[in-house]
Amino acid sequence: MSQKKRLAVFASGTGTNFEAIAAACEAGKIPAEVALLVCDKPAAAVVGRAARHGVKTFAFQPKDYPTKVDMESAIADLLDENGIDLVCLAGYMRIIADTLLSRYGGRIINIHPSLLPAFPGARAVEQAMDYGVKVYGVTVHYVDRTVDGGRIIAQQAFPYEGHDLDELLGFVHAVEHELYPATIARLLVGE
Ligand code: GRF
């Protein structure tokens, strides 16, 4: 029987972080497999990436559930059925609420494109650039009832003094694609 841990990735969009995590698992850099993609936007590019990696996908429309409690209960049941050890949010554009936290609290992590606690919430990189910061960064943190406020696991900073948002977003993604898989690997081996 496989000893590998089982990851679920939750994503809503392009899925470059999903790709980095899946590739790191396949390369043996993370001692786990991506067992499930949970996606609230069935047309998102990340769904195609999951198919190419042979990852089972649960793509749903939130409006198909009468309440958020119903939606999160269905997701938590699916995590149970798939024996998920760790949930990695990677551009999942929904707030995780009590139903999922009560069942998977402490086993859900997120990556955020700022040096938290600075610039939580949406458009963090744009906010930081508007503010004129000179050192940007990326944070991996546990998910709790706050928005991007859970305990920090890892951070990586880098200097940038330009004004080109696309260039900066490219740097942010490059840092994310290293930091997130490395942090997941460290967590799974208990460091
Ligand atoms: C990343 O910048 C991540 O930090 C944020 O959402 C973005 C997702 O990008 N939470 P991608 O879909 O993984 O390319």
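Whatever comes next refers back to the structure up there.
Throughout what follows, the structure given in this document is the object of discussion. (Residues numbered from 1 in each chain as written. Predicted model: local features only at pLDDT ≥ 70, side-chain atom pairs only at ≥ 80, totals over all residues. Heavy atoms only, no water.)

## Thoughts on the sheet that holds strand β6 (residues 135-142)
Here is step 1: Across the sheet, which stays open at both edges, the 7 strands sit in the order β3-β2-β1-β4-β5-β6-β7 with mixed pairing between neighbours. Every other strand in the sheet has two partners, leaving β3 (57-59) and β7 (152-159) as the edge strands with one partner each. Averaged over all pairs of adjacent strands, the angle between strand axes in this sheet comes to 20°, irrespective of strand direction.
Here is step 2: Inspection of the sheet shows β6 paired to β7 by 7 bridges, in the antiparallel sense. In the sheet register, valine 135 faces β7, and the bridge partner there is proline 159. (Pairing = 2+ DSSP bridges. Helix = DSSP H or I, 4+ residues; strand = E, 2+ residues; numbered from the N terminus. Axes fitted to C-alpha atoms, helices over the stretch in contact; angles between N-to-C directions.)

## What to know about the nonpolar core
Here is step 1: Ranked by internal contacts, the top residues of the largest apolar core, which has 43 residues, are Leu7, Phe18, Ile21, Ile30, Val34, Tyr180 and Ile184.
Here is step 2: In terms of residue count, the dominant contributor to this core is helix α6 (residues 165-188) (8 residues).
Here is step 3: Residues within four places of isoleucine 30 in sequence aside, it is in contact with Leu7, Ile21, Ala24, Cys25, Pro181, Ile184, Ala185 and Leu188.
Here is step 4: If you look at the next biggest cluster of nonpolar residues, it comprises 21 residues, including Ala8, Val38, Leu78 and Leu101. (Core = buried A, V, L, I, M, F, W, Y, C linked by side-chain atoms within 4.5 Å. Buried < 20%, exposed > 50% of the residue type's maximum accessible area, 1.4 Å probe, protein only. Contact = heavy atoms within 4.5 Å.)

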